[in-house]
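Inside the fold
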Amino acid sequence: MALHKMHPNMNKNFDPRENYKKTQEAAGYIPRSKATQKTYDEIGFMSGLEVHQQLKTKEKLFCHCPAGIYQKPNVFDAEVIRHMRPTLSELGEYDGTALMEFKTRKNIIYRLKNETTCTYEVDDTPPFPLNREALNISIEISLLSKLNIVGEVHITRKQYLDGSIPTGFQRTAIIGVEGEIPLKNKKVRLIQLSLEEDSCREVSDIGHTRIYRTDRLGMPLIETVTYPDMANPDEVKEACDYIRFLNRSTGKVRTGIGAGRQDVNVSCRGGSRVEIKGVAHTRWIPELTHNESFRQWSLLMLRNRLVKEIPDHINWKISQLALDYYDFNFSYKPLKESKELKHRIIAVNLPGFRGALSHFTQPGKMFANELTERLKVIACLEIPNMAHTEEFDPVVPLEDWESIRKLLGSAQNDAQVLIWGPEADMKTALETIEERCKMAFAGVPNETRKSFENGTTIFERVLPGADRMYPDTDSAPIPLEDKLITELGSSLPQEIIDRYHIMKSWGIPEDTYTYIFKKDLFPLIEKIVNELGYSPSFVGRLFGHKLKYIEGHSKPAAEFSYKIVYGLLKFISEQGLTPEIAWLMLPHVYEHPKIDFESVLISIKFKRVAKEQLFGSVPFLKSKFAEIQMSEKKNNEKDWIMGQLRKMAIGNVSLSELAASL
C-alpha cells in the first residue's frame, strides 16, 4: 500500500515500505525462532568472542587504589577535562578509530572521587608494578582454559581515543595463548587470555561533550578471546556462558552488573568482522548475532545492486545545497527548532541511490539508519538529525521534496536527504554521509556496534586495527617461573564440563544448570550432599528453581549469603524434620538472613505432629471421602487425602512416604 499520493514527477511508483519488505525477503531474513543450522550455513555465519571479567582483588592493576568501590554518576570531588589526539604507531600509521574520534572534537570530562582515583589514573604519574594478586588469578584461569602460559609477561599499550581511559591507551598483557573449551557438541579454540586495566564508566554523551566517572578505571580485568569457531547464535551463547562459568568457578572474579561484559565478533560469507561491543547479558547474544549476520548479508545484496546500476561508482560523489528555512514551511519540530537556533540546513543528493535508503538492514531498520547513526557519532548531531525521501512516514511534505530535487538537479533514480545542525559540524556531516555511501559499494564496513536488548545494534565507532598496539616503556617484563605456574595449577577447581556431567548423573534438572554455574553453587551443593546426606536432585531444585524464583520476587533485608542454605538444611536435619520444609522456610530466610531458624518455624506456623498421628487419621479421611465423592475417577481419593494432610505433613513426614501409604 502506498504511503501517500506521489507527486507525478517524484519517485514515480516507488513505495518505501514495499521496497523494505522486498529487500528483507530477498535477503532471506527470518526470525531466529524459525532459523535452523541450514539457515546459517547458507549465509556463512561465523562468530567469535572477547569475554571480559573483573577480578576480585583488593587493589587496582597499576596503582594502590582500592578496587570495587563505586560512586553514583553525580557524586564526585573534582572534574578533569581532556582533548584526545591520535599518535603514530611504530609503523608510522594512524589507527582508523583514533582518527574518527579526533574528528568528533569531543570534550572529555572525568568525574573523580578521591577514594577511587589517583594521579596514575589521570596520567600524571607512571604506573606502579603490576598487581601480583591479579596476575596469579589470571594464570589460574588461563590454566583452567587449557592455555599455554607465556614465559614472560610483556605489558603493552592499546590506543583508546574515545576518552574511556584518560591516558588515551589501555595497559594490557597476554598471559596465555592457544587453549580450548568444551561445549556440548564441539570444542572451541581460544586465541589468548589477557590481563588489562578496566576503563571508565560513561555517564553521558551528548553533542561534543562526553562525561565519564573513574571509579571502575584501572580495576584488573581479564579478556578471553576465542577463534570464530561458533557456527550458529546458540553456540555463541553457550561458549560465552562456559567462559563465564569457568571464571566464576575460581571464586576470584567479581559478579554483578558491569563486572562481566562481552564483545561479540560476527561476520557472514563475503562480509567483514563487526564487533558488537559491551553486550551486558549473554541472553542477548543469540538475537544480536542472528540479526548482525543478516544485516551484513543484506548489505552485500545492496552492494551488488549499486555496483551493477552505477558502473562508475569509483568516481561517485554527493552534491549538496544549503537551503533557506524561509523558502519552506517545515512543520517538523526538529527543523523548526533548528531554524530558531539559526543552524544550517543542507539538502544532499545521492546519485543512483533510489531504493537504497529504504533497503532492509535489521528488523525495524533500513540503510538510512546507517547514515543517521554515523551523523550522531562522528558529526555529533543528535538524533533526529536527518530526513530523507524514503521515510515510511515523511516528515517533509512531498511537494517540498520535489522543490528540493529541482534545486539539486536530481535525476529520477537519485535519493535525497536533509541534514541540519551547527555550522561547525556541517563539513564533517557531509563527509560522513559521502563516506558511508561509498562504503556501500564495497559491502560491509569493519566497525564496532552498540547492542540493545531487542537484538538490534547501532554504529559506535570504526573498528580498531592492529597498529594501535605498542610496548609500554614504563613497565619492565615479568618472567614467569615454572614453580609459580605449577603451584597455581595444583589447586584449580573442577572443570565446568566435569561438573556438568556430575550434575547430570545426580539427576539434577538441566534447567537449573545455568543458575547453578552462574552463581558458582556447585561446590556448596556438593558439600551439602556429602556432609548432610541430602538428595542431589532435591538440593539442585532447591537452588535452581526455588531460590532463583525467590531472588526474582523478593528483596533481602540484609546481605544474603548462599552459605545460609547449608545452615538451614543442617538445622532441618538435626531437628529430625523432613527436607520438604525447606521450601517453606527458604523465602523467610532469604528475606531476613539474620533470623534464627526456630523463629522461621513459628513464622510458617509449623507444628510438630507424630508420624503415628498423621497415619492414624487416614482411615477417618477415607470414610469422609466416601461420603462426599462425586466420581469414581482413579486417584481422586488419594489426591484429596494428600491435600488434607499436606500442610500438617510437611516437615513431619516425607510426602512420598505418606503418598505411598495411601
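Residues numbered from 1 in each chain as written. Predicted model: local features only at pLDDT ≥ 70, side-chain atom pairs only at ≥ 80, totals over all residues. Heavy atoms only, no water.

Things to note about the sheet that holds strand β2 (residues 78–82)
Reading across from one edge, β2-β3-β10-β9 is the order of the four strands in this open sheet, with mixed pairing throughout. The open sheet is flanked by β2 and β9 (201–206), the only strands paired with a single partner. On average, each strand axis in the sheet is inclined to that of its neighbour by 20 degrees, with strand direction left out of account. Taken together, the five bridges between β2 and strand β3 (residues 107–112) define a ladder with antiparallel strand orientation. Directly across from Ala78, in β3, lies its bridge partner Leu112. (Pairing = 2+ DSSP bridges. Helix = DSSP H or I, 4+ residues; strand = E, 2+ residues; numbered from the N terminus. Axes fitted to C-alpha atoms, helices over the stretch in contact; angles between N-to-C directions.)

Here we look at the environment of Lys58
Within the element layout of this structure, Lys58 appears in the loop between β1 (46–54) and β2. A C-alpha to C-alpha distance of 8.5 Å links Lys58 and Glu133, two positions 75 residues apart in sequence. Setting aside chain neighbours within four positions, we find Lys58 in contact with Cys65, Pro66, Ala67 and Glu133. (Contact = heavy atoms within 4.5 Å.)

A short note on helix α10 (residues 423–442)
When the terminal C-alpha atoms of α10 are compared, their 31 Å separation across 20 residues agrees well with the 28 Å that a helix rising 1.5 Å per residue should span. Asp425, Met426, Thr428, Ala429, Leu430, Thr432, Ile433, Arg436, Cys437, Ala440 and Phe441 are the residues of α10 that are buried. Gly443 sits one or two residues past α10 and shows a positive phi near 120 degrees. (Expected span 1.5 Å × (residues − 1). Buried < 20%, exposed > 50% of the residue type's maximum accessible area, 1.4 Å probe, protein only.)

Looking at the nonpolar core
Leu569, Ile572 and Met585 are the most contacted members of the largest nonpolar core, which totals 103 residues. The residue makeup of this core includes at least three contributed by each of domain 2 (32–273) and domain 3 (496–661). In terms of nonpolar packing, the next biggest core, distinct from the first, is built from 39 residues, Ile346, Leu357, Val417 and Cys437 among them. (Core = buried A, V, L, I, M, F, W, Y, C linked by side-chain atoms within 4.5 Å. Domains from an automatic or database assignment.)

A look at the layout of surface pockets
In this approach, a probe sized like a water molecule rolls over the atoms, and the result shows the empty space that is left. One number sums up the size of the second largest pocket: a volume of about 360 Å³. Lining the second largest pocket are 16 residues, and of these Lys184, Glu238, Asp241, Phe245 and Thr514 sit closest to its centre. Looking at the lining of the second largest pocket, the elements with two or more residues in it are α5 (233–249), α12 (496–506) and α13 (513–518). Considering every element that reaches the lining of the second largest pocket, the biggest residue donor is α5, with six residues. Looking at the lining of the second largest pocket residue by residue, the classes come out as nine nonpolar, one polar and six charged. When residues of the lining of the second largest pocket are assigned to domains, at least three map to each of domain 2 (32–273) and domain 3 (496–661). (1 Å grid on protein atoms, 1.4 Å probe; cavity = no way out; pocket = protein on both sides within 12 Å on 5 of 7 lines; lining within 4 Å. Points joined across faces, edges and corners; volume = space filled by probe spheres on them. Nonpolar A, V, L, I, M, F, W, Y, C, P; charged D, E, K, R; others polar.)

Notes on the domain arrangement of the chain
Taken domain by domain, the chain holds domain 1 (2–20 + 313–447), domain 2 (32–273) and domain 3 (496–661). Relative placement of domain 1 and domain 2: their C-alpha centres are 36 Å apart. Tallying the contact residues gives 14 residues for domain 1 and 12 residues for domain 2. On inspection of domain 1 and its partner domain 2, the count reaches one salt bridge. The salt bridge involving Asp425 is made with Arg105; its shortest N-O contact spans 2.5 Å. If you look at where domain 1 meets domain 2, you find seven residue pairs in polar contact (both at pLDDT 80 or more). (Salt bridge = Lys/Arg side-chain N within 4 Å of Asp/Glu carboxyl O. Polar contact = N/O pair within 3.5 Å; in protein donor to acceptor, adjacent residues only side chain to side chain.)

As for α5
The first and last C-alpha atoms of α5 sit 24 Å apart over 17 residues, in line with the 24 Å expected at 1.5 Å per residue. In terms of residue burial, α5 counts as a mostly covered element, since 14 of its 17 residues are buried. Sitting at the head of α5, Asn232 places a side-chain oxygen 3.1 Å from the backbone nitrogen of Asp234. Positive backbone phi, at 70 degrees, marks Gly251, one or two positions downstream of α5.

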